[in-house]
Amino acid sequence: MTVQQEIQKFIWDIGLEEARSILFDGISLSAGTMDDLLCSLIAGHHVYLAGPPGVGKTMLAKRVVQLLPDRAVVDGCTVNCAFDLPSCPWCLDRRSHGEELAEDALPGKDRVRHVSGSAELKTADLVGDFNPLRALEFGVLDPRAFVPGKFLRANGCILLLDFMDRIPERVLNSILAGLAGDGIAIGNRDELFPLDVLIVATGSDSGLAQMPMDLADHFDRIALDYVSDPIFERRLVSTAQVSADCVEPALKIVQKTRHHEDLSRGLSNRGTLRYGELLASTEKVLAGQTMGSVVQHASTIALPHRVQLASHAVANRSAQEVIREITDEALGISGPSEDWIPLSSDKMLAIVDEIAKLDHFRKPLKFGLFDLLLKRVKRFPESELAAMHRQMVDRMLEKWRDRQLEDNLTFDLLSDIDETRQKQERLSAELRAKLEEEALIRTVEQLEERQILSRKDRGYKLSRRGISMLLERLAPRVWEGSQLTGLGRHRAGKKCLVGEGRIVGKRPFRFGDCYRDFSLKDSIHQAIRNHHREVAREDIRVVKRDIRTRLNILLCLDLSGTMDQLEKLWYAKEGAIALAMASSQYGDRMGVVTFSNLANVVSDLTTNTYMLTEKVLDLDLHDNAFTNIGFGLLRARGLFARHSKSSGKQHIILVSDGDATAPHPSPARFAIQEAAKTVRKGVSISCICINEKNADPDLMHKIARIGRGRMTVIENTEGMRDAVVEEGTIAAH
C-alpha cells in the first residue's frame, strides 16, 4: 500500500471530522482551505502550501504525518524498504551476499523527512552521491559506494520541502522522474528504483508559478493567508497574559500593518504571537509607565523587521518610520485633523496622479497662485480635484449653517447664502466666488493635513507621502514574458538579470580562478570518475556564481516644445520614475539629463528614488526651443566622466520625439559625432524615438547602432513607460 493510499484509508477510517481535528486544531483557516487540503490528500496528490511567512504553513505540513500509521520495514535499510517486498539495491545486495533481512517497525510519527530550501542546495542533497572513500574501497558500481539523499530516504514517508521556491530549478528537476512515478536512477546503475513518496511543500504565493510547468503540474496549490478571525487574533495577542489596556491598541496596530499603503507584507500570525509575548514582558519591565509608552516601546522592538516595505517606498521610507506612524495613529497620538470631506485611498491616489501629471494644476500649486488654480478647477470640472472642490463647497454650507464663521466669511454673508439656497435661487456671482475661494483654500489645507501636499516657499508640492503614493501607482509590473522589440543588442552587464552571488554550476579550473571558489568535493568526485588515485589539475572544479554587473544609467530626455503634444512629457516622466524604481531594486544608479537648446543635469547618479522622482516631477518644457541631441550626449558623457567605471557599466537611454535642429549648420552630424565620442569612452547608448511627423527615426537608429544599443520606435505615447523600463532591463543583459 502506497503512502497516498495509507493516508486515504486512515482518513476514511477515523472520519472527516476527526481528520480535521488532527490537522487544523489550534490553526485558524477558512473552511474552504481546510476542505481543499483534505480533498488533495484523499486524492493522493502532492501538496504545495502557498502563503506569506508566518501563517502556519510549516506547522500544517508537519501535521500531515499524523495521518500515517506504523509501517513494517527492513531493519537497517536506509530507504525504508517494505519488509514483505524489499526492492532497493542495498537490500538486494545484502540478500545476494546471503544476509538474512530482519523486520523493524517504523513509527508513523517518524515517517517524515525534512528539507529546508536554499540556493546552496545541491542535487546530491536530495538524490544522493558517491562516498569517495567507499568508492575507492568497493568500486563505483557497488551500491555501498552510494549514499542516498533525503528524497530517497523519504521512501515510504512524507518529504517536507520547506521553502520549495528557494530550491534551484536544476535540483528540483532531479526528482521529477520520481514525482511522475517512473522511478529514479541511483548512481551509475541503469535500473530504476521505484519511490513511494508524498511531497508536502511550502513556499510563497508566486513560487509555484515560477517553476517549470512539468514540475508544477504534479502539485495541488493550497493558499493560506493572514488570520481574518478577530477572536483567534485576540487569542494570539493575549496568549502571554497581556493586560486588557494593551490588547486593543495592539490589535489595531496588527491590522493596520496589513492594510498600510507603504507595506507590501504586514505582521504574520507568528509575528502577532511574538508581539503579544513582548508586550507582556515590556509591561513588567516598564512597570509604572503609561500604556502608550509600553505599546510604543514594544512595537519599535518587535515590528519593523517583521514587515516588508512596498517597492515604491523602499528608497524613501524606513520600516521604523512606518511602524511609528501606525503606532501613533492607533494610540491617537497624532494624525490628520478633522476631515471636511472623506477621502478614500483610491481618491487620494487619483488626486496625486492629477497633481503630478497635469501642469495646469501643478504649476499654480507650486507658486501658490490660488486665483489661477480656481480658474483651472472650473475649466476642468471632470477632474478629481474639481470634484473634491465641489464637495468642499457643499460641505462648508452644510457645516457652517448654524455656527459663527471665521475671518473672510462673515455670518451675514453665509446667512445670505443659506437663505438663497433654501429658496433654491441662484447665488450671486460675488457670493459664489467668495465661497469657492474659501473652499479651494480648505481643499488644499485638507490635502496638506492628509500629507498629500507640503508647503514650499509660497506654494505647495507633493509631499513625501504624496510621492510615495505616486510611486505606488506607477510601480512597474514584473516584466517577465514581455515582448522585446527594436534592433541591436547590449554589451553592458552579464546575462543575468538579478545576481546575488549564488552558486549556479560547476566548471573546470582555469588559471586565475579565486581559491575561495574551489570545490573540494566536486574535485574528488571528478578524480574518481577519471580513475585517478590522486587529484590532478584536470580534476579540479570551481563553482560558478550569478554575479550581475551593476549599471549606471542616464536618461537623456528631450524638453523641446514639441514634447507638449499628446502628453508626451508626462509619459516620459512616468517612464523615468518607473525606471528609477526598477533600478533601485537591483542596486543600480540612475541620473537624468535634459536637453533643448543646451543641456542640464537634473539629477546625478543616485539610488534615491524619492529624490529623483521629486526632481523629475518639477521638469517643465522649454517653449519654442530647438533640439540639441548632440549637446545632451555631451553633457551625459561629462557626467559619467566624474564617476569611476568600476562602480558599474555606463549606459545612456536617449528619449526624443524630434530630429536634431541645433546647433547649426549640421545638427545631425554633431549628434553622431558626440555619439561616437561617447562610445569610445566605454558608454553604450540606446534610443527611444516617439514617431511623430517631425521625428527622425533614421538619425536615432544611427545613434543606437553607433552606441551598440537598441532602437525602439514608439507609436503610442502611453507605451513609453514600458519601453523605458524594458530598455533598462535589457541593458542588464
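See the structure printed just above.
So, how was this worked out
Residues numbered from 1 in each chain as written. Predicted model: local features only at pLDDT ≥ 70, side-chain atom pairs only at ≥ 80, totals over all residues. Heavy atoms only, no water. Helix = DSSP H or I, 4+ residues; strand = E, 2+ residues; numbered from the N terminus. Buried < 20%, exposed > 50% of the residue type's maximum accessible area, 1.4 Å probe, protein only. Contact = heavy atoms within 4.5 Å. Areas by Shrake-Rupley, 256 points an atom, 1.4 Å probe, with all protein chains shown as cover. Axes fitted to C-alpha atoms, helices over the stretch in contact; angles between N-to-C directions. Parallel < 35°, antiparallel > 145°, perpendicular 65-115°, else oblique. Nonpolar A, V, L, I, M, F, W, Y, C, P; charged D, E, K, R; others polar. 1 Å grid on protein atoms, 1.4 Å probe; cavity = no way out; pocket = protein on both sides within 12 Å on 5 of 7 lines; lining within 4 Å. Points joined across faces, edges and corners; volume = space filled by probe spheres on them. Salt bridge = Lys/Arg side-chain N within 4 Å of Asp/Glu carboxyl O. Core = buried A, V, L, I, M, F, W, Y, C linked by side-chain atoms within 4.5 Å. Pairing = 2+ DSSP bridges. Patch = residues over 30% accessible without salt bridge, like charges linked within 9 Å, V, L, I, M, F, W, Y side chains within 5 Å. Lys, Arg positive; Asp, Glu negative; His and termini not counted. Charge placed at Lys NZ, Arg CZ, Asp CG, Glu CD. Phe/Tyr/Trp six-rings, centres within 6.5 Å; stacked < 30°, edge-to-face > 60°. Lys NZ or Arg CZ within 6 Å of the ring centre and 35° of its normal.

## Comments concerning the overall build of the protein chain
Part 1: Across its full length, the protein chain holds 30 helices and 23 strands.
Part 2: Within the protein chain, the fraction of its 733 residues that count as buried is 51%.
Part 3: Once local pairs closer than 6 in sequence are excluded, the contacts in the protein chain between residues at least 24 apart make up 75%.
Part 4: For the protein chain, the accessible surface area stands at approximately 35200 Å², while carbon and sulfur atoms represent 49% of it.

## What about the packing of helix α2 (residues 16-24) against helix α3 (residues 31-43)?
Part 1: Direction vectors running N to C along α2 and α3 enclose 110 degrees, while the axes themselves pass 11 Å from each other. Relative to α3, the element α2 lies roughly perpendicular. Where α2 abuts α3, its residues L16, A19, R20, L23 and F24 lie against M34, D35, L37, L38, L41 and I42.
Part 2: Of the residues that constitute the contact of α2 with α3, the class distribution is nine nonpolar, no polar and two charged.

## Description of unusual backbone geometry
Part 1: The omega torsion of the bond from A662 to P663 falls at -5 degrees, within 30 degrees of zero and hence cis.
Part 2: Mapping P663 onto the fold places it in the loop between β21 (649-656) and α28 (667-680).
Part 3: At N80, a position not held by glycine, the phi torsion is positive, near 60 degrees.
Part 4: Here N80 is to be found in the loop between β2 (71-74) and α5 (89-96).

## Describing empty space enclosed by the protein
Part 1: A complete count under the given rule lists four cavities of 30 Å³ or more for this structure.
Part 2: The calculated volume of the largest cavity comes to roughly 170 Å³.
Part 3: Taken together, 14 residues form the lining of the largest cavity, with R362, Y460, K461, L462 and D618 sitting closest to its centre.
Part 4: Of all the secondary-structure elements, those providing two or more residues to the lining of the largest cavity are α17 (345-357), α18 (359-367), β14 (453-456), β15 (459-462) and α26 (609-617).

## Here's the deal with the pattern of salt bridges
Part 1: Taken as a whole and assessed by the stated rule, the structure comprises 18 salt bridges.
Part 2: A salt bridge links D110 to K109, with the shortest nitrogen-to-oxygen separation between them at 3.5 Å.
Part 3: With a relative accessible area of 63%, K109 lands in the exposed category.
Part 4: Among the ionic pairs, K256 bridges to E329, the shortest N-O distance being 3.7 Å. Separated by 73 residues along the polypeptide, K256 in helix α13 (residues 244-257) and E329 in helix α16 (residues 319-331) bring together distant segments of the chain.
Part 5: Residue class for K256 comes out partly exposed when judged on its relative accessible area of 28%.
Part 6: Assessed through its relative accessible area of 43%, E329 is described here as partly exposed.

## Some remarks on the nonpolar core
Part 1: Counting residues in hydrophobic clusters, the biggest one holds 64 residues, and the most contacted among them are L373, L447, L453, L462, L470, M590 and L617.
Part 2: Every residue in contact with M590, bar those within four places of it in the chain, is listed here: I553, L555, A576, L579, A580, D604, L605, T606 and L612.
Part 3: By size, the runner-up hydrophobic cluster in this structure holds 43 residues, among which are A50, L172, L176 and L179.

## What about the sheet that holds strand β22 (residues 683-690)?
Part 1: Strand order across the open sheet formed by six strands is β20-β19-β18-β21-β22-β23, with mixed pairing between neighbours. The open sheet has two free edges, formed respectively by β20 (599-606) and β23 (711-714), since each of these has just one partner strand. Across this sheet, the average inter-strand angle for adjacent strands is 15 degrees, counted without regard to direction.
Part 2: Relative to β20, α26 is tilted by about 165 degrees, and along the sheet it contacts β19 (589-595) and β20.
Part 3: On the sheet, helix α29 (residues 697-706) packs against β21, β22 and β23 and is oriented at approximately 160 degrees with respect to β22.

## Describing a negative patch on the surface
Part 1: Together, D75, D84, E103 and D104 line one region of the surface with negative charge.
Part 2: Tracing the backbone through its elements, the reader meets E103 in strand β3 (residues 103-106).

## A few points about the sheet that holds strand β7 (residues 157-162)
Part 1: The strand order β4-β7-β10-β1-β11 describes an open sheet built from five strands, whose pairing is parallel. Strands with a single pairing partner mark the edges of an open sheet, and in this sheet they are β4 (112-116) and β11 (219-223). Across the sheet, the mean angle from the axis of one strand to that of its neighbour is 20 degrees, orientation sign disregarded.
Part 2: Of the pairings in the sheet, the one linking β7 to strand β10 (residues 197-203) comprises five bridges and is parallel in character. Pairing of I158 across the sheet is with L198, part of β10.
Part 3: Contacts between helix α1 (residues 3-14) and the sheet are confined to β1 (46-50), β7 and β10, with β10 contributing the most and set at about 80 degrees to the helix.

## Examining the packing of aromatic side chains
Part 1: Under the counting rule described, the total for this entry stands at three aromatic pairs.
Part 2: Aromatic pair F361 and F380: ring centres 6.3 Å apart, planes at 85 degrees, arrangement edge-to-face. Remark: F380 occurs in the loop between α19 (370-379) and α20 (384-399) and F361 occurs in helix α18; sequence separation between them is 19 residues.
Part 3: Owing to a relative accessible area of 27%, F380 belongs among the partly exposed residues under this scheme.
Part 4: Aromatic side chains F370 and Y460 sit 6.2 Å apart centroid to centroid with 85 degrees between the ring planes, which places their arrangement in the edge-to-face category. Of the two residues, F370 sits in helix α19 while Y460 sits in strand β15, which places them 90 residues apart along the sequence.
Part 5: Over the face of the ring belonging to F163 we find R166, whose NZ or CZ atom lies 4.1 Å from the ring centre.

Nothing here speaks to function; it is geometry throughout.
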